[in-house]
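For reference, the chains in residue letters:
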Amino acid sequence: MEVKLNIFLMAMAVILCYSAGGNRYPYLCNLFDMEDYYKQSNVSNPLDRQILIGIMDVTECWINMAELYTGFILTPKVKKLQTIKERVMISLTFSCHSSITVHFNNFSITDNYKKVDLDLELGFSKCSIIINEVNIFLKIGTILMLRNIKNVIKTESETNCLFAVNLQAIHLEANCDQNYELNCLFWESCMQIFPNMAVLTIIGCEYNYYQINTSSLREKFPNLDSLVLNFARVDHPLIFPWMKSQIIHNENIDNILKAYFDLYKDIYFYSMFPKNSILFIHCQVKFKSLVLKGEVDMLALTEMGLSYLEPSLLLNVTLTQTLNLAKNKLETIHEDLLKNQDKLLRIYLQDNKLTKISNKMFAGLKKLRYINLGNNNIRVIEDDPFKSLYHLKDILLQNNSIAQFPRDMFRDQTGSLEFLEINSNPRITDIPLWPIYSTYLYDMDIRDANITGDSIVRLLNHLNKLDVNEKLVDGGMDPPFLPLGNTGSIDLSFNKIKTIPSDNMTGSMMLKLKYLFINYNIGVDGNPFTCNCDTSVIQEVVSDKNEVVSMEDELASWLCVNPPEFRGRPMWTIAETEKYCPINAKHCPNLCSCFKRSGQETIIVDCHDVVLKHMPKQLPNFQLELWFQNSSISEIGPLPYLENVTVLNLAENKLGNIEPMVINQLRFLKVLHLHSNHLTSIPFQVTSLKLSKLTLSDNPFICDCTTGWMKQWLLDDEKLVPDWTYIKCLNNYDNLQQLIAVPDSEFVCKEDNSFSVTEHVFLPAMVIGSILFVLVVLTLIIYFQRFNLKVLLFIHFNLHPFDKQSDRKKDYVYDAVTVCSHGDIEQTVKIVNHLIEKGYKIADMYRNSYIGYTYIENVEKLINCSNKVILVLTQSAINDKIIQAAWNIAYDKAMTTSMTSLILVTDRVIKKQQKDVDINLLQFLKSNSSLDRESKFLKEKIEYLMPKIKFAENRDIEMEQRGNDLRVESNAHEDTGNRIPISYPDEYHFYVKNEIIPFLAANNICAKILDMEFTPGADIRDELPMIFDTSRHMMFIFSEESLADEVRIYILSQALTKTQLEDHNFLLLCTSGKICLEHMTNDLSKYVENYVTISVNDPKFKERILESITHNSEVKRNEQNYLENDPLLPYHR
């Protein structure tokens, strides 16, 4: 079939090429990847044939409709179908490789072209079309559905849309890859109305919404059944439904719509056909203009960010099938919202923020069958919110925070409930009672909750006696027992069931449990079943020989998880003698667990994987089993309780030796595990013990006279030591060899009584010489590393030996200021944070600088108001002008105060470099100690050199007061000479208007939007100087895009000129995003390089702007007071 089709396509393409000469469009469309499908066994898709035509062209082209009709439409199979069916249904889809315009030429059906009765579904994907050319397809058949996906429909002012008469469905989807206005819909230009339109679907883009003209919809589609809007904006009043008369659908239209909307059918479309429905998905709707009246099958308001719905929305409408409010932000549902919706069948409320279900929320929904409340944050359920909802089949409450259900909840659903999903509620501790009595329950899902064995016991305790008549349920009596013959399932997987406790388990409760297993498939995968103690309930259920059903099959998934020795075994196979239960025993070691053997007086002390290093001094005074494997024990000595030990597990420890006295104490020992230790031998006395099992492998035994007896002993009793073949020893040639394979002659201990010169002469001399050498080296290290040693004493003991630590000086604002280049900021920040944590007040040249001043002016100010200067001077920063200026200022201050006021952090390269280095810096490096930036404990060394912290509280108060002296608020009233115009890009309008201006106003700063200061129509060049003259500061926010704005660049250039002439920080320049210096003007790039600016993304953006403004106000008011203290003040003229 495919080979014949390809041959036909090639032939048709040749014919089309020759027939293109007389057409008004120059290019014939290049068709490719054409697919042709006939109807298969898919009852949900009524299409008899589906044709997909791909178009490869990249420019405008046309399609020969005559050849298309004869080659694809009028085929023998279609003719044969026509003899069977009254009408043949065909889907014809054109898919373009790129967004191009496709034309369809007119043609006539002659005697050679016999017409057949067809129903058409037309689709266009990425193909722009001329709407009136769609009329040409009427010569092929009746157009029932039009799908336009990711394309543009071109129209004229008045278009003759002949196809509108029989059209019953339109699916319109925007091309989100292109940026164009989505406010022109093709039917608005049609002269005709669409009297038989049933369903209209409009899908826009996430960032480009369709603009919906509601009056045009009502005019063009007077009988519309269903409206689906996705990514659309509705600003005008919308009354729904508006149909004037009920239309009769084509027999295939509903199934076609279901087939093509299958992507949405689970939530949106499955139940909406064939009657009227309205769906808003990701839409912007003015709900005050939305009027719903009469009967509506389905209403969907999904993914719209709704947090609340007014009850009046559904006051005049009756929903007959579905209400979908999923994927919003609803925190509550008003009790009157659904008050009169007694015909509603389904409610979708999942993926919201609901926290409570009130008892009246769903009252009166007597026909409700399905409700989905999953993926919310429901914590509280009042009484029984589903009371009197006797037809409710599916209840979904998964992924919430529900802790418990009211006792009578689900009671009225015992005759209807089929599915109950309450999984992923980690606070649920009880299994709901009433769903178990539901006659039709298919699945109750309680996975990932907090169900335990006690939860099952409580459920059994609440179940009533057998053979209670179901009428008692309707009469308000206690619940009856399980309805026999139910084949539903209860999924308790991934809970916290360890076992079903046997305490207080009566015979009646056991009988109920058996019937529970018989009537329900109970899933328990992923539960931590623990089998070492109480498994008698499960064992009794399995051991009941009266049951016809094999309970082992019903409990096949009840497999042990803990302890490890039982893992994978069915719970009912654990023998009573194997069990042990936890107890609180006296002298049970900390971090260890103690158990008691079932039916015995034996105590198990379990300390495995606990770091002990030594055996406990005291243990419970009972017969003992000691599980001490992997406990880092290195030795074991005689202990009183060893005489009571029957099992001793010391495997995987660090034992190097066991004394014979210890073996003699273990007279009742039955099992001994010593494998994976450091033993070189074991005492011969172990042969006198009445052991049933001993393990010795993975020990470094030595093949000498102390282990020679072990060979024959192992060979005589192979069952006693199961790992005997893996026991190895080190022979005389330092080779490991299987112990039982070593010849008897090699188990010899050598004796050597000769005098050793090495041992008695050379060795002592070497020891004494080594000690003297170490003492000399240690003395030299202490001398050359004395500073590092003093720092270590300071770190570990808070001692400050041999150096007098100066106190903080009260006349400085900061204890220290850090100065560094941009490349050293990361390391400097660590130093600053460390000193701040220690209680010091530290300034930073980048974080504490005032905006609008040069870096050098800020650095000079910070150095003069700081006790210490921490200067990070590395090789990469040696030529930095700012760092050079900072060095000169700090050096001058050190010369006039004290050299200890300068803490210099350098690297080894500068210390060795002699060229291009300041002579003062070289002298300072030679005569004073500098710190290596790569040295260990750099932060602690700097802290060591800092002044001593005293009178912390008073000092902080004084520093705070002195810091406050540097800033003062502006006048409370609007001063024309102190206002601040702000210029900014359009995207920052709301940020400036709603955050910056109110913030400054709250601090009595009068900020104005610069654009609002200009007179409309006037030339800004005339008004800008006057605005600047009446302003103390100018705040300008610019981005990369601002560089292309000539007006804003002009304003900025004027501000740059004025700030050069002023004696204060007139221009407060703020940046947004990354800005390339190469794109800036020369004046702007020089300003950015030398003056302090700020990014709008700075976490303290507003605070630093305020400081830079208020500081200048203080300067203006107190010039004389701070002339000597503040280097940023102008010189007196």
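What you see is a predicted model, and the numbers here were worked out from it, not measured in a lab.

### A closer look at the overall build of the chain
Next up, step 1: On a plain count of helices and strands, the chain comes out with 29 helices and 47 strands.
Next up, step 2: In the chain, which comprises 1133 residues, the share counted as buried stands at 50%.
Next up, step 3: Entry remark: accessible area of the chain is about 56800 Å², with carbon and sulfur atoms responsible for 51%.

### Structural notes on the pattern of salt bridges
Next up, step 1: Scanning the model with the defined rule gives 17 salt bridges in all.
Next up, step 2: We note a salt bridge from Lys356 to Glu382, for which the minimum N-O separation is 3.5 Å. Remark: Glu382 occurs in the loop between strand S22 (380–381) and strand S23 (394–396) and Lys356 occurs in strand S20 (residues 356–357); sequence separation between them is 26 residues.
Next up, step 3: The class of Lys356 is partly exposed, set by a relative accessible area of 38%.
Next up, step 4: Judged by relative accessible area, which is 27%, Glu382 ranks as partly exposed.
Next up, step 5: Asp1029 is the partner of Lys1058 in a salt bridge, and the nearest nitrogen-oxygen pair spans 3.8 Å.

### Considerations on unusual backbone geometry
Next up, step 1: Here Phe240 and Pro241 are connected by a cis peptide whose omega angle stands at -5 degrees.
Next up, step 2: Position of Pro241 relative to the elements: it lies in the loop between strand S13 (238–240) and helix H5 (253–260).
Next up, step 3: Of note, the bond from Asn562 into Pro563 is cis; its omega dihedral lies within 30 degrees of zero at -10 degrees.
Next up, step 4: Its location among the elements puts Pro563 in the loop between helix H11 (551–554) and strand S28 (580–582).

### Describing a negative patch on the surface
Next up, step 1: On the surface, a cluster of negative charge is made up of Asp986, Glu987, Asp1011, Glu1041, Asp1045 and Glu1046.
Next up, step 2: Relative to the elements of secondary structure, Glu1046 occurs in helix H26 (residues 1046–1061).

### A closer look at the packing of helix H7 (residues 453–462) against helix H9 (residues 507–519)
Next up, step 1: Where H7 meets H9, the axes come as close as 9 Å, and the angle between the chain directions of the two elements is 105 degrees. On the basis of their axis angle, the class for H7 and H9 is roughly perpendicular. Residues Ile456, Val457, Leu459, Leu460 and Asn461 of H7 form the contact with H9, whose participating residues are Met509, Lys512, Leu513 and Leu516.
Next up, step 2: By residue class, the composition of the contact of H7 with H9 is seven nonpolar, one polar and one charged.

### Regarding the environment of Glu418
Next up, step 1: The topology assignment puts Glu418 in the loop between S23 and strand S24 (419–421).
Next up, step 2: Residues Glu418 and Asp394 lie 24 residues apart in sequence; the distance between their C-alpha atoms is 6.0 Å.
Next up, step 3: Excluding its chain neighbours within four sequence positions, the residues that come into contact with Glu418 are Lys393, Asp394, Tyr440, Leu441, Tyr442 and Asp443.

### A look at the state of the cysteines
Next up, step 1: Under the criterion given, the structure shown has 10 disulfides.
Next up, step 2: Each disulfide pairs two cysteine sulfurs, and for Cys588 the partner residue is Cys594, the sulfurs being separated by 2.1 Å. Taking the torsion about the sulfur-sulfur bond, which here is approximately 105 degrees, the covalent link between Cys588 and Cys594 counts as right-handed.
Next up, step 3: Between Cys592 and Cys607 runs a disulfide, and the two sulfur atoms are separated by 2.1 Å. Note on the Cys592 and Cys607 pair: the S-S dihedral is about 120 degrees, so by sign convention the disulfide is right-handed. Here Cys607 lies in the loop between strand S30 (602–606) and strand S31 (623–627) and Cys592 lies in the loop between S28 and strand S29 (593–597), a separation of 15 residues in the sequence. Exposure class is identical for Cys592 and Cys607. Each is buried.

### Some points on the sheet that holds strand S42 (residues 931–932)
Next up, step 1: Taken in spatial order, the five strands make up an open sheet running S39-S38-S40-S41-S42, and their pairing is parallel. Looking at strand neighbours, the two that pair on one side only are strand S39 (842–844) and S42, the edges of this open sheet.
Next up, step 2: The pairing of strand S40 (residues 866–873) with strand S41 (residues 902–906) spans five bridges and is classified as parallel. Residue pairing across strands places Val872 opposite Val905, the latter belonging to S41.
Next up, step 3: Running over the sheet, helix H16 (residues 825–837) touches strand S38 (814–819), S39 and S40 and is turned about 155 degrees from S39.
Next up, step 4: In the packing of helix H18 (residues 881–896) onto the sheet, the strands contacted are S38, S40 and S41, and the crossing angle to S40 comes to about 140 degrees.

Criteria and thresholds
- Residues numbered from 1 in each chain as written.
- Predicted model: local features only at pLDDT ≥ 70, side-chain atom pairs only at ≥ 80, totals over all residues.
- Heavy atoms only, no water.
- Helix = DSSP H or I, 4+ residues; strand = E, 2+ residues; numbered from the N terminus.
- Buried < 20%, exposed > 50% of the residue type's maximum accessible area, 1.4 Å probe, protein only.
- Areas by Shrake-Rupley, 256 points an atom, 1.4 Å probe, with all protein chains shown as cover.
- Salt bridge = Lys/Arg side-chain N within 4 Å of Asp/Glu carboxyl O.
- Patch = residues over 30% accessible without salt bridge, like charges linked within 9 Å, V, L, I, M, F, W, Y side chains within 5 Å.
- Lys, Arg positive; Asp, Glu negative; His and termini not counted.
- Charge placed at Lys NZ, Arg CZ, Asp CG, Glu CD.
- Axes fitted to C-alpha atoms, helices over the stretch in contact; angles between N-to-C directions.
- Parallel < 35°, antiparallel > 145°, perpendicular 65-115°, else oblique.
- Contact = heavy atoms within 4.5 Å.
- Nonpolar A, V, L, I, M, F, W, Y, C, P; charged D, E, K, R; others polar.
- Disulfide = S-S within 2.5 Å.
- Pairing = 2+ DSSP bridges.

By themselves these figures say nothing about function.
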